[in-house]
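So you can see what is in the structure, the chains are spelled out below.
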Amino acid sequence: MSLFSRNDSACKLVFDIGSGSVGGAIVLASDGSAPTVLYSFRSEIPFQTEAVGSRLLSLMLRSLAQVTLALVNEGFEAAGLAKKRPKISETFVSLSAPWTTSRTSLLSFQSREPVRITKDIFIELLRHSEDELRETRKGALKGSAQIERELVTSVLNGYESAAPYEKTAREANFTLFRSFSPARVTGAVVETITSLVHTGTLHFHSFAFLLFSAMRRLPAPEKHFLAMDVSGEQTELLSVAGGAPVQAATFPLGRNRLIRALGKGAGLPPSVAASLIGLYVEEKGSGKLFERVKRTLARAETEWVSEYLRALQDFSEEALFPTTVFIAADSDVMPIFTRAVLRADGALFPVAVRGFRAVPVQSELLSPLVAWSSPDARDPFIGVVASFACPRNA
């Protein structure tokens, strides 16, 4: 549940900003049913031999402008809205690493006598958590500001409550999810989008939280899982226990590391390296070059598994170990990282955990939460953002 209420309108814009690409879409909300993605467009961020922050930001903003122009110049017409373009009252922007960092917090109190839970009580708990908040900000990006503060779970007297306000309790625990992003990044994103289209109210969220939120709203949702986003430059992990996010982690290995490895180990330019990844996944290549590609990608996969295991080892005992990992990744590398997760699980557990699953986040999985006007509009990352922007129960 959000700390702040928001109204849903019929048509919204959503953006997914990562380190490998930028996506955008026009989404139609519908009371009582899943929202429909009417049109989506994605622009790849040009590959860099070295991921330099300022250069990556400049390239990301260029891709964001291309996406926004596509929505304005092509999207409304393709969605059948050219004659009477709808008013956009809300725009949702999802940010992935390295544009954002996330932290979880637990706020709690105990009292001998029952206490009525009010917003003032909650604000007082936030005020008393200043030390914790300062510790949280130490891990945030330089010059960052809070973009997201979500009340995820409320437990009163040992029982979860969806509506804690005005109830009484002797003991209360609240799970809070916060995300931070550099003001120069969010400011540049706002300027880029609003200079090209009217957005109405603009909301920022972390993709990590939106992925968690989507997986929690699936039919028969998992209570204990790991949400993973493998982007161009980084991998983000969010551990969920008992239906609440417990711990987040990020490490700087993603899809682009595979391309760089092929450039260094096999002497291939980025465009060729990207195409050979597909052949590697499908095991369709042959010859000495392909054998070199296989060895190089196997080493890169091993490196990723090592970083993944190191990140999990830093998690608290409460955060481990889920039996399901939901993986959001580009389709060409999804099989690689799915296999790597299963391989890492074998390293974590001497005896394989029964029922362990590595689940790709694809349009089929999201079908209870979002619909698509056409096969071309299907983009799982956009689907995750759209399902939050226009929740089915709105």
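**Q** When you look at the environment of Thr186 in this model, what are you seeing that I'm missing?
**A** Among the secondary structure elements, Thr186 is positioned in helix H4 (residues 183-194). For Thr186, a relative accessible area of 13% gives the class buried. Separated by 41 residues in the primary sequence, Thr186 and Ala145 have C-alpha atoms spaced 9.3 Å apart. What Thr186 contacts, discounting residues up to four positions off in sequence, is Leu95, Ile147, Ser181 and Phe204.

**Q** What am I meant to see in H4 here?
**A** Spacing of three or four residues puts side chains on the same side of an α-helix, whose turn is 3.6 residues. Taking 1.5 Å per residue as the helical rise, H4 with its 12 residues ought to reach 16 Å, and the 16 Å between its terminal C-alpha atoms agrees with that figure. Within H4 the residues assigned to the buried category are Val185, Thr186, Ala188, Val189, Thr192 and Ile193. Considered in projection along H4, the buried side chains sweep an arc of 160 degrees and stay on one side of the axis. Turned more than 90 degrees away from the buried face of H4, the exposed residues are Arg184 and Glu191. Among the structural elements, strand E1 (11-17), helix H1 (53-78), strand E4 (90-95), strand E6 (144-156), strand E8 (168-182) and strand E9 (201-206) are those in contact with the buried residues of H4.

**Q** Sorry if this is basic, but what is going on with the packing of aromatic side chains here?
**A** Within a pair of aromatic rings, the relevant descriptors are the distance that separates the centres and the angle that separates the planes. For the structure shown, the criterion picks out 10 aromatic pairs. When the centroid spacing of 6.0 Å and the interplanar angle of 80 degrees are considered together, the rings of Phe209 and Phe388 count as edge-to-face. Highlighted residues: Phe209 in helix H5 (residues 207-216) and Phe388 in helix H10 (residues 380-389), separated in sequence by 179 residues. A single burial state applies to Phe209 and to Phe388, both of which are buried. Ring geometry for Phe225 and Phe326: centres 5.3 Å apart, planes at 80 degrees, overall edge-to-face. Linking Phe225 in strand E10 (residues 225-230) with Phe326 in strand E13 (residues 324-328), this pair joins segments that are 101 residues apart in sequence.

**Q** Quick question: what am I supposed to make of the pattern of salt bridges here?
**A** For side chains bearing opposite charge, pairing can occur when the charged atoms are close. With the rule as written, the count across this model stands at 13 salt bridges. For the salt bridge of Lys294 with Glu291, the shortest nitrogen-to-oxygen distance reads 3.8 Å. Within this pair, Lys294 and its partner Glu291 are both found in helix H8 (residues 287-313), separated by 3 residues, close to a single helical turn. A relative accessible area of 35% places Lys294 in the partly exposed class.

**Q** What should I look at first to understand helix H2 (residues 119-127) in this one?
**A** For H2, every residue scored as buried is listed here: Phe122, Leu125 and Leu126. In an axial view of H2, the angular spread of the buried residues amounts to 100 degrees, which keeps them on one side of the axis.

**Q** Mind showing me how you'd approach the sheet that holds strand E15 (residues 371-372) here?
**A** In sheet architecture, strand pairing relies on hydrogen bonds along the backbone and comes in two forms, parallel and antiparallel. Here we have 6 strands laid out as an open sheet, ordered E9-E4-E1-E2-E3-E15, and mixed in their pairing. Strands at the two margins of the open sheet, each flanked by one partner only, are E9 and E15. Note that strand E3 (residues 36-44) and E15 share 2 bridges and pair parallel. When the bridges of E15 are listed, Thr36 appears paired with Ala371. Here H4 sits on the sheet in contact with E1, E4 and E9, set at roughly 140 degrees to E9.

**Q** What should I look at first to understand unusual backbone geometry in this one?
**A** Trans peptide bonds make up most of the peptide bonds, and negative phi angles are found at most residues other than glycine. Of note, the amide linkage connecting Ala97 to Pro98 takes the cis form, showing an omega dihedral of 10 degrees. Relative to the elements of secondary structure, Pro98 occurs in the loop between E4 and strand E5 (101-116). Not every positive phi belongs to a glycine, and Asn157 is a case in point at roughly 55 degrees. Its identity is not glycine, yet Ala220 carries a phi of approximately 50 degrees, on the positive side. As for its placement among the helices and strands, Ala220 is situated in the loop between H5 and E10. The exposure class of Ala220 is exposed, given its relative accessible area of 75%.

**Q** Looking at this structure, how should I read the sheet that holds E13?
**A** As summarised here, the arrangement of the 5 strands in space is E12-E11-E10-E13-E14, forming an open sheet in which the pairing is mixed. In this open sheet, the two edge strands, each paired with only one partner strand, are strand E12 (244-251) and strand E14 (357-360). Averaged over all adjacent pairs, the angle separating strand axes in this sheet is 20 degrees, with direction ignored. Sheet analysis places E13 next to E14, joined by 4 bridges and oriented parallel. The residue bridging Thr324 from the neighbouring strand is Arg357, located in E14.

**Q** Quick question: what am I supposed to make of the side chain of His205 here?
**A** Following the sequence through the fold, His205 ends up in strand E9. Among the residues examined, His205 registers a relative accessible area of 8% and is labelled buried. Among the polar contacts made by the side chain of His205, one reaches the side chain of Glu148 at a distance of 2.7 Å. Setting aside its immediate chain neighbours within four residues, His205 contacts Phe92, Val93, Ser94, Leu95, Ile147, Glu148, Glu150, Leu210 and Phe388.

**Q** Explain the confidence of the model for the protein here, please?
**A** Any region with low pLDDT has predicted coordinates that should not be read closely. Put simply, the protein has an average pLDDT of 86, and 89% of its residues get 70 or more. Contacts of residues 1-9 to residues separated by more than four positions or lying in other chains number 30 contacts, the stretch itself having pLDDT below 50.

Calculation notes
- By convention here, each chain's residues receive numbers from 1 onward along its written sequence.
- Local features in this predicted model are restricted to residues of pLDDT 70 or higher, and side-chain atom pairs are both shown and tallied only at a pLDDT of 80 or more, whereas totals for entire chains, interfaces and linings draw on every residue.
- Hydrogens and water molecules were not included; the side-chain quantities draw on all heavy atoms of the structure.
- Secondary structure follows DSSP: runs of H or I at least 4 residues long count as helices, runs of E at least 2 residues long count as strands, and numbering of each begins at the N terminus.
- Per-residue accessibility, obtained with a 1.4 Å probe over protein chains only, is compared with the maximum for each type, and a residue is labelled buried under 20%, exposed over 50%, and partly exposed between these values.
- Any two residues whose heavy atoms approach within 4.5 Å are treated as being in contact.
- To estimate the expected span of a helix, count its residues, drop one, and scale the result by 1.5 Å.
- In this description, one arc is meant: the one made by directions from the helix axis to the C-beta atoms.
- Under the pairing criterion, centres of Phe, Tyr and Trp rings, with the six-membered ring standing for Trp, must be within 6.5 Å; the plane angle then separates stacked pairs below 30 degrees from edge-to-face pairs above 60, leaving the rest tilted.
- For salt bridges, the criterion is a side-chain nitrogen of Lys or Arg within 4 Å of an Asp or Glu carboxyl oxygen.
- In this analysis, strands are considered paired if DSSP registers two or more bridges between them.
- Convention adopted: a line fitted to C-alpha atoms gives each axis, helices being fitted over their contacting stretch, and angles between N-to-C directions are expressed from 0 to 180 degrees.
- For the purposes of these results, a polar contact is taken to be a pair of N or O atoms within 3.5 Å, where, inside protein, one atom must be able to donate a hydrogen and its partner to accept one; residues adjacent in sequence count only when each atom of the pair is a side-chain atom.
- Values of pLDDT, which run from 0 to 100, indicate the predictor's confidence residue by residue.

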